[in-house]
Protein chains: 2
Amino acid sequence: MATIKDVAKLAGVALSTASYALSGDSKVSTKTKDKVLEAARQLNYRKNGFAMDLKRSRTNTIALILTDLSGPYYSELIRSIQDVALTNGYDMIACSSMGGQDSTAVRFLREKRVDGAIVLAQNITDDTLLESAGDRFPIVVMDRELTGSGLINVRVDSEHGGYTATKYLIDAGHQTIAYISGPSNSSDNALRYQGYLRAMHEANLEEKAKWRLGGNFVREGGYSATKMMMMQGDMPSAIFYGNDEMAIGGLKALEEGNISVPNDISIIGFDDIQLAEYLTPPLTTVRQPKHESGSLAGHLLFQMLNKEEVNEAYKLTIELIERASVQQLIPMNNEK
Amino acid sequence: MATIKDVAKLAGVALSTASYALSGDSKVSTKTKDKVLEAARQLNYRKNGFAMDLKRSRTNTIALILTDLSGPYYSELIRSIQDVALTNGYDMIACSSMGGQDSTAVRFLREKRVDGAIVLAQNITDDTLLESAGDRFPIVVMDRELTGSGLINVRVDSEHGGYTATKYLIDAGHQTIAYISGPSNSSDNALRYQGYLRAMHEANLEEKAKWRLGGNFVREGGYSATKMMMMQGDMPSAIFYGNDEMAIGGLKALEEGNISVPNDISIIGFDDIQLAEYLTPPLTTVRQPKHESGSLAGHLLFQMLNKEEVNEAYKLTIELIERASVQQLIPMNNEK
DNA sequence: CTGAAAGCGCTAACAG
DNA sequence: CTGTTAGCGCTTTCAG
């Protein structure tokens, strides 16, 4: 691999001159510059990224850290953050935190291989985040309420989302409502569930243990939780799935059991993934402002990178998307 | 930020000792090691990633380069490659090539910020790939038939896929078959289309220009191409969508126009994304062996990294997934 | 404008 | 086992 030294030699100039020419500095005559560029071309010279980063101690890159790079939910988020990065002249890379504390993601945080990070990965501990963040390394977390030096969070109001979804079901006349939950270590899930509980209590409705099943936020989980509920024999009048993925699985289970949605049972999801509107029936759900939250997180990160003042925590509101998976048992506009 | 020098000083040992202790080398006494580790903890010392990479001139990281990190199609691929990387003790990062030649992805290739890459991104030119690849930097391309020094490809047999899909439609008794194509710069699309053409010619069926529309491989594209076809008034008996995403859009357009699938028209997709089976009706499609191709690409990359011999090109076969979006007009088992 | 020289933080000989 | 030393490839003063 040719180095800048080789280029300088071939072009017959000093090392520094070559460096300046290569980075487009204006203190080099056009003629010399051309000579250097030509030499570089001939040698198929490529800057060595690390050397540059090491010297500059800046990478011009931010990382987006996700538990799992796959999954439809993340798509929009990735895109919105990428856009912000691009407009700020930064690169963005996505790393998975699969593997927990030994993952690529954690290494990137610890070893500061990027200039800052946006994190949405439950399997990274608070400690790691707190430890890695700092003045010179801003982090924006999106999945918990953590703050610290160089560490802020932007969140979606999940509690309110859970409340809204449940309230909507109740207002439609449903009295028995199941909640299919996500993983227990997910603060989002806990909040959605809390919102569900608040709405239930407010309406003096009982929350039954047999109708509180775990689906781990994945399709198969929703499917088997629903199957299990069906096997119990006693179905609620509505099911609130902690996220859309689980609702999709649930829909399948219901269909297989010849239970019609929304005629026999109503279901509501959470997230509003792209797919939701293509389901049969189109899924009523709670929209997460993915684009907004991604953009916001991105913008905040760059503000921190530029040493501007930002708040410690941001909360975005959700929106209920009415589609066709919930049956209105009683006319809309009732109290309680 | 504390450096290894500070750690060594605090621990009262030499620089190299600290380095050895920190990397878990066995030539350091447990006692000294503990001292060093303790000092590191106190200083909240973190290795500087670049310095290490620069010195080692190895990153232990591979990159997966995709046009767009979002999109359901990639999810499985990402996962399978990530798995392979993990088992090989490597990290994987995903970069988007959004921005073409100026993108993060191209920078990573050019500046060799990783040890090797798997590329599935049409907007990166052959030249860039050829130039970046080499003995010390293996690349596996998945979206074109390019080979070169340190550059191999693994592909899915798209032509055969296109042929199979079309043949299936013809065998089912369909005579007028439209093809909704992807972007013109996609070699996959070209191949699928070629397969379509071959099957049509073989059956002496005519391919009409008015039934060859572009949908750019995206949902909205499939939607508007279908709408356009509907506006023309003359519908074919079957539509072959170049990928499932476009078929989803098409399905929506058809539904809006009260055209029933598969009663009024049959449709077939390509890819077999997760969603396909959840559609109404479940989509008949051509399955791409995403998991297999991802794993294969990953394995090959690691073989190259280990200087093992590999072939230049690999081709995986597709599989037709019969679901409910194609109507059998004539009994199955006919000739031609 | 150009050239020499000093490191960025780390690893890995090499000689005690 | 420990300490000294020489760079990895690049940027960037600082004098010519």
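Preceding block: the structure.
What counts and how
Residues numbered from 1 in each chain as written. Chains lettered and ligands numbered in written order. Predicted model: local features only at pLDDT ≥ 70, side-chain atom pairs only at ≥ 80, totals over all residues. Heavy atoms only, no water. Helix = DSSP H or I, 4+ residues; strand = E, 2+ residues; numbered from the N terminus. Rg over C-alpha atoms; globule rule 2.2 N^0.38 Å. Buried < 20%, exposed > 50% of the residue type's maximum accessible area, 1.4 Å probe, protein only. Contact = heavy atoms within 4.5 Å. Near = heavy atom within 4 Å. Polar contact = N/O pair within 3.5 Å; in protein donor to acceptor, adjacent residues only side chain to side chain. Nonpolar A, V, L, I, M, F, W, Y, C, P; charged D, E, K, R; others polar. Salt bridge = Lys/Arg side-chain N within 4 Å of Asp/Glu carboxyl O. Least-squares fit on C-alpha atoms with pLDDT ≥ 70 in both. Pairing = 2+ DSSP bridges. 1 Å grid on protein atoms, 1.4 Å probe; cavity = no way out; pocket = protein on both sides within 12 Å on 5 of 7 lines; lining within 4 Å. Points joined across faces, edges and corners; volume = space filled by probe spheres on them. Axes fitted to C-alpha atoms, helices over the stretch in contact; angles between N-to-C directions. Parallel < 35°, antiparallel > 145°, perpendicular 65-115°, else oblique. Left-handed = near helix turned anticlockwise from the far one by under 90°.

Let's shift gears to the overall build of chain A. Along chain A, the regular secondary structure elements total twelve helices and twelve strands. The C-alpha radius of gyration of chain A comes to 26 Å, more than 25% above the 20 Å expected for a compact globule of 336 residues. With respect to the three principal axes, the spread of C-alpha positions in chain A is 85 × 40 × 35 Å. Counting only residues that meet the buried cut, chain A has 56% of its 336 residues in that class. Sequence-distant contacts, at least 24 apart, represent 65% of the contacts inside chain A between residues at least 6 apart.

The next subject is the protein's contact with DNA strand D. Close to DNA strand D lie 24 residues, the nearest being Ile4, Tyr20 and Tyr45 of chain A together with Ala14 and Ser16 of chain B. The protein-proximal atoms of DNA strand D, defined as those within 4 Å of the protein, are 59% sugar or phosphate. Note that a phosphate oxygen of DNA strand D is positioned 3.0 Å from one of the side-chain N or O atoms of Ser19 of chain A. Contacts to DNA strand D include Lys55 of chain B, whose side-chain N or O atom sits 2.7 Å from a base nitrogen. If you list the elements that add at least two residues to the surface near DNA strand D, you get α2 (15-22) and α4 (49-56) of chain A together with α2 (15-22) and α4 (49-56) of chain B. Looking at the surface near DNA strand D element by element, the count peaks at four residues for α2 of chain A. Considering only residue class, the surface near DNA strand D consists of ten nonpolar, nine polar and five charged.

Following the criterion strictly, the structure yields 48 salt bridges over all chains and no others. Between Arg107 of chain B and Asp91 of chain A there is a salt bridge, and its shortest N-O distance comes to 2.4 Å. Here Arg107 of chain B, found in helix α6 (residues 104-110), pairs with Asp91 of chain A, found in strand β2 (residues 91-96), and the two come from separate chains. Glu145 of chain B is paired through a salt bridge with Lys315 of chain B; the nearest N and O atoms lie 3.8 Å apart. Of the two residues, Glu145 of chain B is situated in the loop between β4 (139-141) and β5 (151-156) and Lys315 of chain B in strand β11 (residues 313-316); the sequence distance between them amounts to 170 residues. Sharing partners across several salt bridges, the network here consists of Asp53 and Asp91 of chain A together with Arg107, Glu111 and Arg113 of chain B.

Residues and elements named next belong to chain B. Within the element layout of this structure, Ser266 appears in strand β9 (residues 266-268). Take Ser266: its relative accessible area is 0%, and that puts it in the buried class. Sequence-distant contacts of Ser266, that is, excluding residues within four places in its chain, are made with His174, Ser237, Ala238, Ile239, Ser325, Val326 and Gln327.

A word on unusual backbone geometry. All names here are of chain A. Val261 connects to Pro262 through a cis peptide bond whose omega is 5°. Position of Pro262 relative to the elements: it lies in the loop between α11 (244-256) and β9 (266-268). Put simply, Thr280 and Pro281 share a cis peptide bond, and its omega is -10°. Structurally, the position occupied by Pro281 is in the loop between β9 and β10 (285-287). One non-glycine residue with positive phi stands out, namely Asp272, at about 60°.

As a further point, take the relation of the copies chain A and chain B. Between the two copies, chain A and chain B, the superposition gives an RMSD of 0.1 Å; the rotation angle is 180° and the shift along the axis is 0.0 Å. The operation mapping one copy onto its partner corresponds to a two-fold rotation axis. Taken as a fraction of all interface residues of chain A, those also at the interface in chain B reach 100%, which identifies the copy contact as same-surface.

Residue and element names in this part refer to chain B. Judged by how many residues are buried, strand β6 (residues 177-181) sits mostly within the fold: five of five residues are covered. Summarising the sheet, β6 and strand β8 (residues 238-241) pair through four bridges and their orientation is parallel. Paired with Ile180 across the two strands is Tyr241, which belongs to β8. Pairing geometry for β6 and strand β7 (residues 212-214), over three bridges, is parallel. Bridging across to β7, Tyr179 finds its partner in Arg212.

Bringing empty space enclosed by the protein into the picture now. Where empty space is left becomes clear once a probe the size of a water molecule has been rolled over the atoms. Per the stated rule, a full pass over the model turns up two cavities of 30 Å³ or more. Estimated volume of the largest cavity: approximately 160 Å³. For the largest cavity, the lining is made up of 16 residues, of which Phe50, Phe108 and Arg113 of chain A together with Phe108 and Arg113 of chain B are closest to its centre. Sorting the residues of the lining of the largest cavity by element identifies α4 of chain A together with α4 of chain B as the ones contributing at least two each.

So, about the protein's contact with DNA strand C. Taken together, 24 residues are adjacent to DNA strand C, and Ala14, Ser16 and Lys55 of chain A together with Ile4 and Tyr45 of chain B come closest. Here a base nitrogen of DNA strand C and a side-chain polar atom of Tyr20 of chain B are 3.4 Å apart. Mapped onto the surface near DNA strand C, the elements with two or more residues apiece are α2 and α4 of chain A together with α2 and α4 of chain B. Counting residues per element, the surface near DNA strand C draws most heavily on α2 of chain B, at four residues. Here the residues of the surface near DNA strand C are counted per class, giving ten nonpolar, nine polar and five charged.

Along the chain, Arg113 of chain B falls in the loop between α6 and β3 (116-120). A distance of 2.7 Å separates polar atoms of two side chains, one belonging to Arg113 of chain B and the other to Glu111 of chain B. Ignoring sequence-local partners within four residues, the contact set of Arg113 of chain B consists of Gly49, Phe50, Met52 and Asp53 of chain A together with Thr59, Arg107 and Phe108 of chain B.

Let us look at the packing of helix α8 (residues 158-171) of chain B against helix α9 (residues 187-202) of chain B. All names here are of chain B. The interhelical angle for the contact between α8 and α9, taken along N-to-C directions, is 40°, at an axis separation of 6 Å. Judged on the interaxial angle alone, α9 and α8 are oblique. Handedness of the crossing formed by α8 with α9: right-handed. Contacts between α8 and α9 involve Ser158, Glu159, Gly162, Tyr163, Thr166, Lys167 and Ile170 on the former and, on the latter, Asp188, Leu191, Arg192, Gln194, Gly195, Tyr196, Arg198, Ala199, Met200 and Glu202. Here the residues of the contact of α8 with α9 sort into six nonpolar, five polar and six charged.

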